[in-house]
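A structural walkthrough
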Amino acid sequence: MSVSAALVWDPSFVSYRFKPNHPFNPKRLELTVSLIEEMGLLSSPEVKLVKPRQASEEELLRVHDAEFVEAVKRLGSQEGVDSSEGWPWGMGTDDNPIFPGMHEATSYVVGGTIQSAEMVMSGEVRRAFNVAGGLHHGHRNRASGFCIYDDLA
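Bear in mind that the values here come from a model prediction, so they are computed numbers and not experimental data. (Residues numbered from 1 in each chain as written. Predicted model: local features only at pLDDT ≥ 70, side-chain atom pairs only at ≥ 80, totals over all residues. Heavy atoms only, no water.)

Things to note about the overall build of the chain
Convention followed: Only DSSP runs of H or I reaching four residues or more are called helices, and only runs of E reaching two or more are called strands; each is numbered from the N terminus. In this treatment the radius of gyration is a C-alpha quantity, and the globule benchmark scales as 2.2 Å times the residue count to the 0.38 power. With a 1.4 Å probe rolled over the protein chains alone, any residue whose accessible area is under 20% of its type maximum counts as buried; one over 50% counts as exposed, and the rest are partly exposed. Contacts are assigned to residue pairs with any non-hydrogen atoms lying within 4.5 Å of each other. Areas reported here follow the Shrake-Rupley algorithm with a probe of radius 1.4 Å; residue values treat only the protein chains shown as occluding. Only four residue types enter the tally: Lys and Arg on the positive side, Asp and Glu on the negative side; His and the chain ends are excluded. In this description, the location of a charge corresponds to atom NZ of lysine, CZ of arginine, CG of aspartate or CD of glutamate.
Looking only at helices and strands, one finds four helices and three strands in the chain. In terms of overall size, the chain behaves like a compact globule, its C-alpha atoms giving a radius of gyration of 16 Å where 153 residues would be expected to give roughly 15 Å. For the chain, the C-alpha atoms occupy an extent of roughly 50 × 30 × 20 Å along the three principal directions. The burial tally for the chain puts 42% of its 153 residues in the buried class. Across the chain, every contact between residues at least 6 apart in sequence was considered, and the portion connecting residues at least 24 apart equals 69%. With an accessible surface of roughly 8,000 Å², the chain has 54% of that area assigned to carbon and sulfur atoms. Counting 14 positive and 21 negative side-chain charges, the chain places the centres of these two groups 4 Å from one another.

Now the structure itself:
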């Protein structure tokens, strides 16, 4: 084992942002990583910084319905989409507003969690922390509780 811990982080994680006044603000991620850096933890040879990868469609479909994944892609890629179009999938609500790049942003969070698990399972690291992970409220066919896809599932 070359290092004991990995931090999965990339500034692109802040693109998982519903709207400026939404309580689930990605500023918390930047502040967390800033604190980790200030404490000197990333300068330790025992810790490595890992850029997240995007989860594949196959990985997403292990947990989510194809129709739901397609809805996330479509709604997050349209300009000026009517929020009611997302209601059947739990999107377009106050909890889960539709935002540009929604599929891509959430796929990177899921990919980062998968990477974390793979690094630990392979013995590459003893611990891994995906700072953006923990979106566990997403369901098979709908978003819920600030979570589009469920990265932990």
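Some details on the packing of aromatic side chains
Using the following cut-off: Stacked, edge-to-face and tilted are the three classes for Phe, Tyr and Trp ring pairs, Trp counted by its six-membered ring, which pair at centre distances within 6.5 Å; planes under 30 degrees apart are stacked, over 60 edge-to-face, the rest tilted.
In this structure the tally under the stated criterion is eight aromatic pairs. When the centroid spacing of 5.9 Å and the interplanar angle of 75° are considered together, the rings of Tyr-16 and Phe-24 count as edge-to-face. For the pair Tyr-16 and Phe-24, a shared accessibility class is recorded, and that class is buried. Ring centres of Phe-18 and Phe-24 lie 6.4 Å apart, and the angle between their planes is 50°; this geometry places the pair in the tilted category. Exposure remark for Phe-18: the relative accessible area of 6% places this residue in the buried category.

Notes on a nonpolar patch on the surface
The criterion, for reference: Every patch collects residues that have over 30% relative accessible area and no salt bridge, joining them within 9 Å if they carry like charges and within 5 Å if they are nonpolar side chains (Val, Leu, Ile, Met, Phe, Trp, Tyr). Note on definitions: salt bridges are taken to be side-chain nitrogens of Lys or Arg within 4 Å of carboxyl oxygens of Asp or Glu.
Together, Leu-35, Met-39 and Leu-41 give the surface a local cluster of nonpolar side chains, amounting to about 310 Å² of exposed area. Here Met-39 is to be found in the loop between α1 (27-38) and β2 (47-50).

Some points on the nonpolar core
Note the cut-off: In these notes, a set of buried Ala, Val, Leu, Ile, Met, Phe, Trp, Tyr and Cys residues joined through side-chain atoms within 4.5 Å is what counts as a nonpolar core.
Phe-13, Tyr-16, Phe-68, Met-91, Met-102, Ile-148 and Tyr-149 are the most contacted members of the largest nonpolar core, which totals 38 residues. Of all elements in the fold, only β1 (5-8), α1, α3 (66-77) and α4 (102-122) reach the threshold of two or more residues within this core. Beyond its immediate stretch of four places on either side in the chain, Tyr-149 contacts Leu-60, His-64, Phe-68, Val-69, Val-72, His-103, Thr-106, Ser-107, Val-110 and Leu-135.

Digging into the sheet that holds β2
Heads up, the rule is: For two strands to be treated as a pair, DSSP must find no fewer than two bridges joining them. For helices, the axis comes from a line fit to the C-alpha atoms of the stretch in contact; other axes are also lines fit to C-alpha atoms, and the angle between any two N-to-C directions lies between 0 and 180 degrees.
With parallel pairing, three strands are arranged side by side in an open sheet as β2-β1-β3. Edge positions in the sheet fall to β2 and β3 (127-130), since each of these pairs with one other strand and no more. Neighbour-to-neighbour, the strand axes of the sheet open up by a mean angle of 20°, direction not taken into account. Relative to β2, β1 is paired through four bridges, and the arrangement is parallel. Across the sheet, the residue bridging to Ala-6 is Lys-48, located in β2. Across the sheet, α4 touches β1, β2 and β3, and the angle it forms with β3 is around 175°.

Comments concerning the pattern of salt bridges
Under the counting rule described, the total for this entry stands at 10 salt bridges. Between Glu-59 and Arg-53 there is a salt bridge, with the nearest N and O atoms lying 2.8 Å from each other. A residue is classified by how much of its surface remains accessible, and Arg-53, at 26% relative accessible area, is partly exposed. Its salt-bridge partner being Glu-85, residue Arg-74 comes within 3.5 Å of it at the nearest N-O pair. Remark: Glu-85 occurs in the loop between α3 and α4 and Arg-74 occurs in helix α3; sequence separation between them is 11 residues. The partly exposed category is assigned to Arg-74, whose relative accessible area is 33%. The exposure class of Glu-85 is partly exposed, given its relative accessible area of 34%. Through salt bridges with shared partners, a single ionic network connects Arg-53, Glu-59 and Glu-118.

These figures capture arrangement, not role.
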